[in-house]
Every structure is written in C-alpha cells, then in structure tokens.
2 protein chains.
Amino acid sequence: MAEEKLPTRAEDFSEWYNQLVLKAQLADYAPVRGCMIVRPYGWALWENIQAALDQRFKATGHQNVAFPLLIPKSFIEKEKHHVEGFSPELAVVTIGGGEELAEPLILRPTSETIIGHMWSKWIQSYRDLPVLMNQWNSVIRWELRTKLFLRTLEFYWQEGHTAHATRQEAVEETLQMLNVYTDFAVNEAAIPVIPGVKSDAEKFAGADTTYSLEAMMGDQKALQFCTSHFLGQNFAQAFEVKYLDQTGVLQHCWTTSWGLSTRVIGAIIMVHGDDQGLIMPPRIAPIQVVIVPIYKTDEEKASVQKTAKELKAQLIKANLRVHLDEREGFSPGWKFNDWEMRGVPVRVELGPKDVAKQAAMLSRRDRPGREGKVSASLAELPATIEKLLVEIHQSLFDKALAFRRANTRETATYDELKKAVEEGFAFAPWCGSGDCEAKIKEETRATMRCIPIDQTAVLGKEVRTGGACVYCGKPAKDRAIFGRAY
Amino acid sequence: MAEEKLPTRAEDFSEWYNQLVLKAQLADYAPVRGCMIVRPYGWALWENIQAALDQRFKATGHQNVAFPLLIPKSFIEKEKHHVEGFSPELAVVTIGGGEELAEPLILRPTSETIIGHMWSKWIQSYRDLPVLMNQWNSVIRWELRTKLFLRTLEFYWQEGHTAHATRQEAVEETLQMLNVYTDFAVNEAAIPVIPGVKSDAEKFAGADTTYSLEAMMGDQKALQFCTSHFLGQNFAQAFEVKYLDQTGVLQHCWTTSWGLSTRVIGAIIMVHGDDQGLIMPPRIAPIQVVIVPIYKTDEEKASVQKTAKELKAQLIKANLRVHLDEREGFSPGWKFNDWEMRGVPVRVELGPKDVAKQAAMLSRRDRPGREGKVSASLAELPATIEKLLVEIHQSLFDKALAFRRANTRETATYDELKKAVEEGFAFAPWCGSGDCEAKIKEETRATMRCIPIDQTAVLGKEVRTGGACVYCGKPAKDRAIFGRAY
C-alpha cells in the first residue's frame, strides 16, 4: 500500500530496494527459500526486455530452441573447470515416479553440457556451421545469500549457445553479442555500461575468456549486467563436438555462450529509482503513460471519464502502453503517489478545466514538481508524449552516466584505491596477477570487475596507460575497474 | 535427410509420426528418458502458437506471471484428489547445494497448489477480485510411455489460473477460455474440435468439472487438445484463499485453471500431415513461403538470384514469413521434396523463363501436382500468396472436419460402438455411470472423450436425444464421444 513510506536510499539502500520490489508488486518471496514469484508488473517488464533482446538475437541470425531442464549428473563432470564451478550449486533429483533413480539428474544451472552432447550428434560437417541458438528459460543454482531479482535460487534468463568452425569466428560472435547487450542496455534500459574482460578468478567455469557489462548502481556498488563467454574448444573437446572441414579433416568446433537474466530488473530499479520509488526506462516500461482523472461532482466525473477514455484509445492507437486509473475511493493525490512509486514515466492529469480547454497536464516521473510539468493540447498529446519519452530516456541515461563518472576515480596508489572503493569504482593499473586481485578483495571487499575494452569511455577522457600495479608495483598494461559488487 | 523415405501413414502411422518429427527437425530425443529437445523449426512453430494465444489471453484481461518450479512436497498433499492424481508422477529434489534437504521439493507438475498458497496472502477483499493470471513454462510429470510432443516427461505449456468472487463468474471464465481455445484451434491451427465435458474418471485431479477440446487425428484416434477446469472451491479451501465480500463476510474464492501444451504440435502433425510429410497451417507456419531458385548457367544464376532476393524483400514487407533456399549442391527437385516434407504451405519456383516473363510458379503444399499450381505475375505475388494462404487454411480445416465426420458414427447398440471405435469415434447415448464407462474402456480400449456441448455440431446435423445407454440400457440424457485416444 502506498501509505507506508519507503526508507530513503540514503537511510538504507538495501531495505529501500527490498521494500520497493514488494510494494511495487514486481515480485514476492516464494515458500521455498531463495525462490521468487514474478508478479504481473514485474513480468510485463521482463516480457518487454525479452522482446527487445529477442528481436536483436533474431536479426543477428540466432534461432530459439528448448533443451530440457533435467541433465544426467555425469554430464556436468565432463569439463573439469565447469564441474568445479557448478558442483556446489546443484539441485539433484533422486526420485522419479516414486522410484529411486539409477543415475541422479541435476536441474540445469546452465546448458553448455547438454547442448554439447546434442551438437555432437547434429554437427557433422562445415556445412552445418555456424550453429546459432538461444533459449529463454529458468535455471537453478543453489545460492545461499539471496535477494529478489539479484540472486535467486531459480532465475529467468536467456542463454545463447553457438558453435563455429574457427576460433576467430567464435571470438567475433562473443564480441558481437556483447555489443548487442550494450545496445540493449543503452538504448532500452537507459543504463550506461562498461564492456570489458573478466579476470581468470571471475570468469565463467569452463570459459577461455569471459566478457561482461558492468554497471554502477545508485549506492555506487557494481552489478554485472550480463556476460558473453568465448569457450574455446573446452566444451567441444569434453563432448566431442567435431566437424569435417572442407579438406576432409575432423576438427573440434569453437563455441560461445552468453546470457542475460532477470537480474537486469534489479539493475533498472537500483540505477534509476529514487526515494519516491521506481523510475521505469520508457522504452521497456510496462506502462508508459498513466491517465489520472480528476473530478468532484458526478457531472464532472461523466465528462472527465468520457474524455479520458477517448484519450486512452488515442494513445493506444499511437502504440503507447497506457493505463487509465479508474479506481474508485482513492484521491487523485493518492493515485499520483502510487504511480510515482511504480515508476510510470509520464502521468496525464485530466480535470474538468482541462476538458474545457481540450488540454491536459503532463508530469514527468524523472523530474519532480513544477519542473517536470508540461501542458499540452489533447490533439497533440500522442506526439507530445512520444517526444517526452525520448527526452526522459536520454535524461535517465545521462544522469546515470554522470553519476557513474562522478563516482569512479583514477587511482595510482593502493591508498587511493581503498578510498575510492568506499565511494564507488576505482580505475587502477593492475599487473594482471591473481594474487594481487585476491589480496585486494580480501583487504577491501572490492573485486576486479573488468578490464574495460574502451579505456577512454569509462571517464569520458583519455586515461594514463602503463604505470605500476596499484597493489604490487610491478608494470601494469591496462587499467581495471575495482568495486564492491552485488 | 530427405533421401530416406518415410513409411506411409497406412503402413505404420506411429512410425510415420516418429520419423517425421526427427526428419523435419521439429524435435529430438534428449539423453534423459522421456525428455525432448525442441529444435528451431519446432520452437518457431511453438512461438507462433504462443503469440496467437497470448494476444487472446491479454485481450480477455489476463496478465502473465512466473511462479517457481520448486514446490514444497507438503503442498501437493493439501487437496485430496490432487494428491491422488499427481503423486505417482512426481519428480523429487532431495539434495540442494550438496546437502540433503529437510523437506523434499517437487518439480511442479502443475501450479494450482503454489498459486493457491500465494493467493491466500495476496487476496483480501472483493476489490482484489477477479485475479486473472497465466504463465508460460514447462512442467514435469514422470510418464512411463512417452512420445515426442504427445507425452513427454517435461513439456511446455501455458497454465491459466483465475480466482473469482462467485461460482457463476468462475464457470463463465472456464467456458470463456474453452471458447478462446476453440477460436485458436479453428482459426490458427485449422483443426476442428469438439468442445465438451469430461467424465469424472477423466477429469483433472481436483476439479469439479473439466471441459476439453477433442480432435480426431489422421489415424482416427482422439487427442485431447487442451482443457479448462472449473475448480469450485476445492483449492480455495485447501489453501484458505478467502476474501471479505461487500457485506463484510469472509468467503472462499471460486477458482479455475486452463492449459494448452506442446501436444498441439503433435495434433498439427497428425491432423494435417500426409505421406510426403508435414503440412503447416498457414497462419502459424514458421515459414509460410519458400522461394526455390532454378538455374543452370552462371548467367541464369545471377539473374534468378537477384530477382529472388528482391522477391523475398517484397514478401517480408507484406509481413509474410519467407525463406529463400540458396543452398548450393542440391537440385531444385531435391529442395521441392525437402520443403514439402517440412510442410511449407506455398512454394515459389523461380527460373530464368519466369524472370523473363516477370512471373513465378506457385505450388500449394496441400494440393499435390498440377492441381496445386498457379502462375502469378511478380508484381501481384504478395497479394496472390496472401489470398492463397487464406484458401489453404480453409481447405485444411474443411478436409479435417469432413474426415472427422466421415469417421464418427452414431451408435445405438454396443456392437455398433465396438465396430465404430475400430474406425474412429462412436457418438453414443451414455447413462453417465462410471461403471459403464470403465467396462467400455476395458472391453474396447475406447475412452469417454467428452459429452459435446453442441451435440449438433459433431456431425453437422441433429442427433437423436434420449434413448438407452449403449452399455447398460438405462435411460441416457446426452450422447457422448467414445474413441481410442493418444
């Protein structure tokens, strides 16, 4: 209920988040520890995210498929790094149809193994390559510390899997999908991201190289937005995924995988949200425009409601996602607060005077008070709102980018790094050694988020190259982002 | 590979089906017994089915959600009929994160129980009703005899769940969704269906009344296309789903559930397919039009390919799902067979003479040989194809309806019924007793499919009412459909 106030983000960011997810009815806790129920408002956001990504996947030649949930336990043991990474997180089915199973089955934590197994049957020749697949599903990882959307035992995602004839083609695919995700983050979610390479300690279990997008949340902590893995021939060797090349020689395939999950809903909440609640990025907002009718007398009500319904039809026709709030027994002010909490980008306030003038007052969710108000004639409302949504998108993105840059410091010394990670990201020279990385993590709770591919884009300016590792003082090639992370 | 011939349907319908599913690359067997992999061509069909249904669900006010896969085992035991029905089919997780679980978790066989549990928290007053939800997911039932798409251990479906203040509203919802499914079957899948009521023996475990759509396959056997259940207050009582009514009295809700699964892909194959392979119903076909270029010399190739690409772009612009077959090393004749096997409704044959005449030859998949060929000018191709797709849809539906009616017999005696179920459906007076139903099943392997709601629509003519039960001779109110079923 909108009457109970959220804690402010400054008071308790974590509680602000937890309460907001429940209050906005994005999700709820399931009876099984660590599982969540995604409620209609949350799922509608996920469906918009899915649509935005799915069209990009299809435009780049990928086809959707469905591999099963149940995987023989022995599969996970075939790739040595994979088994080390995933064994502690497995859920195991031991009973089926009332009988103990001869071989226990695991619930997929990810599908490289079963896909590798099937590819070994389907792929014979270079003519069968590349294989470009994606699937939308849920996976199970037995997480101990969970938080709605950010880390749950079951989560929803897409996992792309591709097989190629050459190393180069697979590397290009890995980077292409990282670019697709970047395009989505920037142009749909309005979230600035840092594309980069993960360290060996942080990479996917079984990958040669893991790329990720890293974003800064409203509490200056880092969140891994998604990942794209170059898997080399690791899974192809473990599952004997081979093809006859054009000269008749049998070769192992080169494979990739890449995924983005319901975690990004957590990112959207934490990047854009304010003390009033959510701010939905307009292009994927479940509701882009809410119309709140204002009236006192029955006569006013009849006239306002009639115009409100016409307006709604007009906005639907313009392909806007619009909701008309006709709830009885709630004041306009209460409804304003409620929709602000739910983050609807544009509110249309429509009273008898507006109807008389054939105009309405528009309020931008991202600009509180007078500053975010615009009056517009009803005839021009669809065009005005479309323009406003573009502006809101850009403004959310700009604000988040400015925030990230303001809270990212170039650090040359370990003392500077320690201070920087208290307040955001440290952008520091690093020698590349896992030992230094481990020590930094142990001493500061900050992890190596990534080595940014475009070092200049992080702060929007040239950064120093070379220099000495912030921890050990040995020569450092690139700068890496360090930060405390979700 | 298209070279290996399918068995004919007359030779071995079951083998024709199994081989066709593999050969058309709709699905494949997974390493875990009874599970399947839905391959790109099969999943594209499912996505079109999903889109067609999802827009109908949303148009009738339903919202999508996601409830978790894992359910505490104790939940399933709260509704007595439900536990009896589902206990033998459960998959049980006993180990999570390396530890034995205190309470075993089941993989959802369906979600009434966990949804009931959450509704008891979310629903307080009549203002919260109706609750109209749907989810797209997969469920697990430990089936012993499996067949791709028709009965698998894991299958994909949607499950709708609604809660209402009154019995009448819940009954209306149950029937509304049966109508939505009928609309989908007739207008998207081109499959004639018989909407009706299931017997107590065949109804959903926990339902007061189960409605279904029944269809006749190409081997005259019955297939339950989908179901819609009026659950009364059974789950509301088991999970204490209550609301305060307008007079301040606490009442149990009335609930419904309804589902349609990847089984309908099996129905599409078995209703429309012929000895050459699949015939996809045009409105949900993954590929509606395939263009096969025909050439001999390099010069011809260049000219034909150029026109073929322009044509493809023109058809995409007309919102048609089109594929241009540019594979090298396969003859046009081989490609014709391959796409016939995959059931693409319209084939465009484009050779140098066609390009010269600015025309192309169209072939209808549903009419073999000369009869299904039409020549059309390239300029008019999109319009011609759109018209053709409408005709093909209608023709597939008409043919399937005529087939069902030709193989459904009004039977007044048990001998007639026994003969009728050898060749299709028996439409017979039945007293309503479970004993008669059980005996008929035991002696003829035919089950009571449904009591058709519209008795006239079954054969397209008035049928006798009343009469004596085909088994026991006692008075019968309605006629029921009996048949051997998948």
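Residues numbered from 1 in each chain as written. Chains lettered and ligands numbered in written order. Predicted model: local features only at pLDDT ≥ 70, side-chain atom pairs only at ≥ 80, totals over all residues. Heavy atoms only, no water.

### Looking at the sheet that holds strand 15 (residues 289-293) of chain A
Strand-to-strand pairing in sheets goes through backbone hydrogen bonds, with the strands running parallel or antiparallel.
Residues and elements named next belong to chain A.
In step 1: With respect to topology, five strands assemble into an open sheet ordered 16-15-17-18-19, the strand pairing being mixed. In this open sheet, the two edge strands, each paired with only one partner strand, are strand 16 (322-324) and strand 19 (373-377). Taking each pair of neighbouring strands and ignoring which way they run, the sheet shows an average axis angle of 25 degrees.
In step 2: Pairing of strand 15 with strand 16 involves three bridges; the strand directions are parallel. Across the sheet, isoleucine 291 pairs through a bridge with leucine 324, a residue of strand 16.
In step 3: This element, helix 10 (residues 332-341), spans strand 15, strand 16 and strand 17 (346-350) of the sheet and lies at about 170 degrees to strand 15. (Pairing = 2+ DSSP bridges. Helix = DSSP H or I, 4+ residues; strand = E, 2+ residues; numbered from the N terminus. Axes fitted to C-alpha atoms, helices over the stretch in contact; angles between N-to-C directions. Contact = heavy atoms within 4.5 Å.)

### Considerations on the nonpolar core
In step 1: By size, the foremost hydrophobic cluster in this structure holds 88 residues, and its most contacted members are Leu70(A), Leu107(A), Leu70(B) and Leu107(B).
In step 2: Those residues in contact with Leu70(B), other than ones at most four positions away along the chain, are Val32(A), Cys35(A), Leu107(A), Ile140(A), Trp142(A), Leu153(A), Val93(B), Leu105(B), Ile106(B), Leu107(B) and Ile114(B). (Core = buried A, V, L, I, M, F, W, Y, C linked by side-chain atoms within 4.5 Å. Buried < 20%, exposed > 50% of the residue type's maximum accessible area, 1.4 Å probe, protein only.)

### Quick notes on the packing of helix 2 (residues 40-59) of chain A against helix 8 (residues 263-272) of chain A
Residues and elements named next belong to chain A.
In step 1: Where helix 2 meets helix 8, the axes come as close as 10 Å, and the angle between the chain directions of the two elements is 105 degrees. Our classification of the angle between helix 2 and helix 8 gives roughly perpendicular. Across from Gly42, Leu45, Trp46 and Ile49 in helix 2, the residues of helix 8 making contact are Val264, Ile265 and Ile268.
In step 2: The class makeup of the residues in the contact of helix 2 with helix 8 is six nonpolar, one polar and no charged. (Parallel < 35°, antiparallel > 145°, perpendicular 65-115°, else oblique. Nonpolar A, V, L, I, M, F, W, Y, C, P; charged D, E, K, R; others polar.)

### Observations concerning the side chain of Ser261(A)
In step 1: Relative to the helices and strands, Ser261(A) is located in strand 14 (residues 254-261).
In step 2: According to the relative accessible area criterion, Ser261(A) is buried, its value standing at 10%.

### Here's the deal with the relation of the copies chain A and chain B
In step 1: Superposing chain A onto chain B takes a rotation of 180 degrees plus a shift of 0.0 Å along the axis, which leaves an RMSD of 0.0 Å. What the rotation and shift describe, once combined, is the action of a two-fold rotation axis. When C-alpha positions in chain A are compared against the rotation axis, the closest is assigned to Val93(A), at 2.1 Å.
In step 2: When the interface residues of chain A are mapped onto chain B, 100% of them again lie at the interface, so the same face is used by both copies. (Least-squares fit on C-alpha atoms with pLDDT ≥ 70 in both.)

### Examining unusual backbone geometry
In step 1: Note that the residue after Leu129(A), namely Pro130(A), is joined by a cis bond; omega there is -5 degrees.
In step 2: Mapped onto the secondary structure, Pro130(A) falls in the loop between helix 5 (112-122) and strand 7 (131-140).
In step 3: Even without a glycine there, the phi angle at Arg445(A) is positive, about 65 degrees.
In step 4: Following the sequence through the fold, Arg445(A) ends up in the loop between helix 14 (434-444) and strand 22 (447-452).
In step 5: One non-glycine residue, Glu240(B), lies in the positive phi region at around 55 degrees.
In step 6: Topologically, Glu240(B) is positioned in the loop between helix 7 (234-238) and strand 12 (242-244).
In step 7: Judged by its relative accessible area of 53%, Glu240(B) falls in the exposed class.

### Examining the interface of chain A and chain B
In step 1: In this assembly, 51 residues from chain A lie in contact with 51 residues from chain B.
In step 2: When chain A packs against chain B, the two sides together hide about 4,000 Å² of surface, and 67% of this comes from carbon and sulfur.
In step 3: Between chain A and chain B we count two salt bridges in total.
In step 4: The residue Lys58(B) makes a salt bridge to Glu47(A) at a minimum N-O spacing of 2.7 Å.
In step 5: A total of six residues in the side of chain A that touches chain B trace back to one element, the largest contributor, which is strand 5 (residues 91-96) of chain A. (Buried area = accessible area lost by both parts, 1.4 Å probe. Salt bridge = Lys/Arg side-chain N within 4 Å of Asp/Glu carboxyl O.)

### Observations concerning the domain arrangement of chain A
All names here are of chain A.
In step 1: What the domain assignment lists for chain A is domain 1 (13-272), domain 2 (289-388) and domain 3 (407-483).
In step 2: Computed over C-alpha atoms only, the centres of domain 1 and domain 2 are separated by 40 Å.
In step 3: On the side of domain 2, four residues touch domain 1, which itself brings six residues to the contact.
In step 4: For domain 1, the biggest contributors to the area lost against domain 2 are Lys23, Tyr41 and Asn48; these three give 67% of the whole. (Domains from an automatic or database assignment.)

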